[in-house]
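# Examining the three-dimensional arrangement
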Amino acid sequence: MAKSSGGSLLSAIKLDKKAGKSLQYQLYIALRDMILNGSLHGGERLPASRVLAEELSISRTTVISVFDRLTSEGLLESRTGSGSFVKDVFSQQKKLISSLHPPTKTIQTNSADSGKRPMVSRSFLKKASQLPAPVAHSVSQSFSTAIPAIDAFPLPLWARLVAKHSRLPDLTRYNSSKGSAALRHAIASHLHTDRGLVCDAEQVYITSGAHQAFSFLAHLLLDPGDKVWIENPGSRVARNGLLQSEPELIPVPVDDEGINVAAGQQLTRDFRLATVTPSHQQPRGVLLSLPRRLALLEAADQANAWIIEDDYDGELFYNKEPLSTLFSLSQQQRVIHVGTFSKTIFPALRLGYFVVPDHLVESVDKVINSFLPAVPLPVQAAVAEFIENGHFATHIRRSKKLYEERYHAMMHNIDRHLAEYLNPIPTATGFHLLNLFRHDCDEAALTQAASERGILVRPLSNYCAAAVEERGIALGYGCIRPDEFNASCATLADAFRSIIKT
Ligand SMILES: Cc1ncc(COP(=O)(O)O)c(C=O)c1O
């Protein structure tokens with residue numbers, strides 16, 4: 001005869017009439033947990049509902065409701081005339097649950113020591129091992145290279161647009177991952193007027209930022225082991241996104257004309273993809289010269305390779321027209337243009353796009369819905385209206401002026417406080433500046449000393465996939481108010497003094 005749980009069961013159940021949850025719910029949770037954690041065994045008989053109700057000073061109806069619920073969930077069975085029993089099948093379920101949630105202590109994410117298969121895929125471990133050290137998303141914004149001038153963004157207008165489009169029933173449905181036609185048209189027309197890039201809205205695809213564009217394009221274009229030229233130093237966003245497809249990354253040196261194509265060809269002529277930041281090399285800040293643009297296109301033609309043009313802040317040239325995009329220059333149509341609103345609107349929007357040559361549209365259209373989640377429609381609609389009504393162009397015009405002023409303020413204060421330590425590489429767009437160290441100085445020590453003083457700087461090594469000889473830091477000035485430059489640069493000079501022995 002099955003053992004009854006009686007006294008031990010009752011002492012384990014604690015019901016609290018003042019708790020926010022009903023007594024029925026508390027009893028259900030208590031019994032369910034005891035069954036799930038094995039305190040009540042399969043085949044064990046529960047006390048009769050009348051007995052349990054009396055002992056717990058609750059109504060019998062409450063107990064019966066709980067028994068009914070546990071029975072309907074398959075954890076109890078009721079045998080006529082004998083009472084309620086814990087179901088035997090549970091031993092099977094327990095095995096299943098423990099295989100799904102093994103105790104934390106025994107999880108081996110890296111199987112090297114145990115010889116067992118790791119809990120995550122080997123390919124994930126391989127990709128993770130190639131990632132650069134994570135960069136903190138710091139609350140401190142001094143010299144952040146990633147944060148634009150949010151003080152200059154028309155937030156009230158933006159809030160009205162978002163509210164308006166969030167009320168439209170048509171925008172509550174599933175939508176194609178390619179993106180809304182309105183936004184794709186707006187982007188195509190913006191690219192035409194602002195960047196001289198001519199494309200049809202059909203060639204434009206909406207993503208949640210450049211990072212997602214890189215992951216998708218890696219998926220689309222690369223097989224594991226394919227050779228990919230990346231700029232060194234270069235963008236972490238591109239590198240992280242491309243790792244998705246386990247390529248062989250070939251770090252190609254960068255100089256004051258941008259990526260050194262001849263050096264890349266010495267490393268390998270047989271590359272499948274090159275990813276570059278031609279309008280504003282990340283982090284060096286230089287423009288890819290026209291001869292280098294042509295050389296890169298030629299090298300890609302010879303290798304039958306793709307080029308990804310990461311135009312992350314190409315709209316923000318201060319006072320001169322940017323060079324033609326690689327997309328426009330490519331006769332062979334082997335360039336994919338990636339853009340983002342992270343710099344021109346704000347990064348938390350998570351909105352970007354890519355533009356493919358005409359001949360790739362059909363292939364991308366076929367897979368896009370399966371591989372890419374759609375970006376929320378109300379956000380797309382708000383941005384489309386923001387662009388169509390001219391607010392985006394106005395914001396860009398103002399931002400360019402503001403970043404140019406901040407750039408000069410930055411240069412002035414570097415000269416004033418940091419000339420002894422830093423040699424800034426001039427730039428003509430965006431809102432960050434690479435500064436090379438004038439003396440031998442440890443990047444990590446400087447970064448730490450700056451951080452202790454509340455200043456965020458980004459060491460050059462953060463952008464490197466292979467070691468480089470130069471040492472330095474990137475300093476952003478997008479979100480620094482004019483009255484803060486002096487104090488922040490003085491504090492940074494103090495950080496230098498603290499680590500440089502005299
Ligand atoms: C080189 C480069 N590309 C693209 C981006 C933007 O990425 P996302 O659109 O995913 O924010 C950044 C952001 O800092 C960047 O530095």
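Source: prediction; values computed, not measured. (Residues numbered from 1 in each chain as written. Predicted model: local features only at pLDDT ≥ 70, side-chain atom pairs only at ≥ 80, totals over all residues.)

Burial of the side chains of strand 3 (residues 204–207) extends over both faces: Val204 and Ile206 are buried on one face and Tyr205 and Thr207 on the other. Bridge analysis of strand 3 against strand 10 (residues 352–355) gives four bridges, and the strand direction is antiparallel. Within the sheet, the bridge partner assigned to Ile206 lies in strand 10 and is Tyr353. (Buried ≥ 20, exposed ≤ 12 C-beta atoms within 10 Å, placed from the backbone. Helix = DSSP H or I, 4+ residues; strand = E, 2+ residues; numbered from the N terminus. Pairing = 2+ DSSP bridges.)

Moving on to the site of the ligand. Contacts to the ligand come from 14 residues, most closely from Gly209, Ala210, His211, Ser235 and Thr340. Of the residues contributing to the shell around the ligand, the split by class is five nonpolar, eight polar and one charged. (Near = placed C-beta within 6 Å. Nonpolar A, V, L, I, M, F, W, Y, C, P; charged D, E, K, R; others polar.)

Here the focus is the sheet that holds strand 12 (residues 432–437). Spatial strand order, 11-12-14-13: four strands in an open sheet with antiparallel pairing. The sheet is open, and its two edges are formed by strand 11 (422–424) and strand 13 (458–459), each paired on a single side. Relative to strand 14 (residues 472–476), strand 12 is paired through five bridges, and the arrangement is antiparallel. Within strand 14, the position partnered with Leu436 by the bridge is Gly472. Sheet strands in contact with helix 16 (residues 391–418) are strand 11, strand 12 and strand 14, and its direction is about 160° off that of strand 11. (Contact = placed C-beta atoms within 7 Å. Axes fitted to C-alpha atoms, helices over the stretch in contact; angles between N-to-C directions.)

In terms of nonpolar packing, the biggest core is built from 67 residues, with Ala274, Leu296, Ile307, Ile336, Phe354 and Val383 touching the most fellow members. A total of eight residues in this core trace back to one element, the largest contributor, which is helix 15 (residues 377–388). Discounting chain neighbours no more than four positions away, the residues touching Ala274 are Trp229, Leu296, Ala300, Ala305 and Ile307. Of all hydrophobic cores here, the second largest spans 30 residues; its members include Leu316, Phe317, Tyr407 and Leu492. (Core = buried A, V, L, I, M, F, W, Y, C linked by C-beta atoms within 7 Å.)

So, on to the domain arrangement of the protein chain. Per the domain assignment, the segments making up the protein chain are domain 1 (6–99) and domain 2 (174–389). Taking only C-alpha atoms into account, the centre of domain 1 sits 59 Å from that of domain 2. (Domains from an automatic or database assignment.)

On to unusual backbone geometry. In this structure, the amide linkage connecting Asn232 to the following residue, Pro233, adopts the cis form with an omega of 0°. In this structure, Pro283 follows Gln282 across a cis peptide bond, with omega equal to 15°. Position of Pro283 among the secondary structure elements: in the loop between strand 7 (273–276) and helix 12 (290–303). A positive phi angle is found at Arg350, which is not glycine, with a value near 50°. Along the chain, the position of Arg350 falls in the loop between strand 9 (335–340) and strand 10. Taking the number of C-beta atoms within 10 Å as the measure of exposure, Arg350 has 17 and is therefore partly exposed.

A separate point is the packing of helix 17 (residues 443–452) against helix 18 (residues 485–499). Axis separation between helix 17 and helix 18 bottoms out at 9 Å; the angle between their running directions is 130°. Comparing their axes, helix 18 and helix 17 come out oblique. Between helix 17 and helix 18 lies a crossing whose hand is right-handed. Residues Ala445, Leu446, Ala449 and Ala450 of helix 17 form the contact with helix 18, whose own contacting residues are Leu492, Ala495, Phe496, Ser498 and Ile499. Taken together, the residues of the contact of helix 17 with helix 18 sort by class into eight nonpolar, one polar and no charged. (Parallel < 35°, antiparallel > 145°, perpendicular 65-115°, else oblique. Left-handed = near helix turned anticlockwise from the far one by under 90°.)

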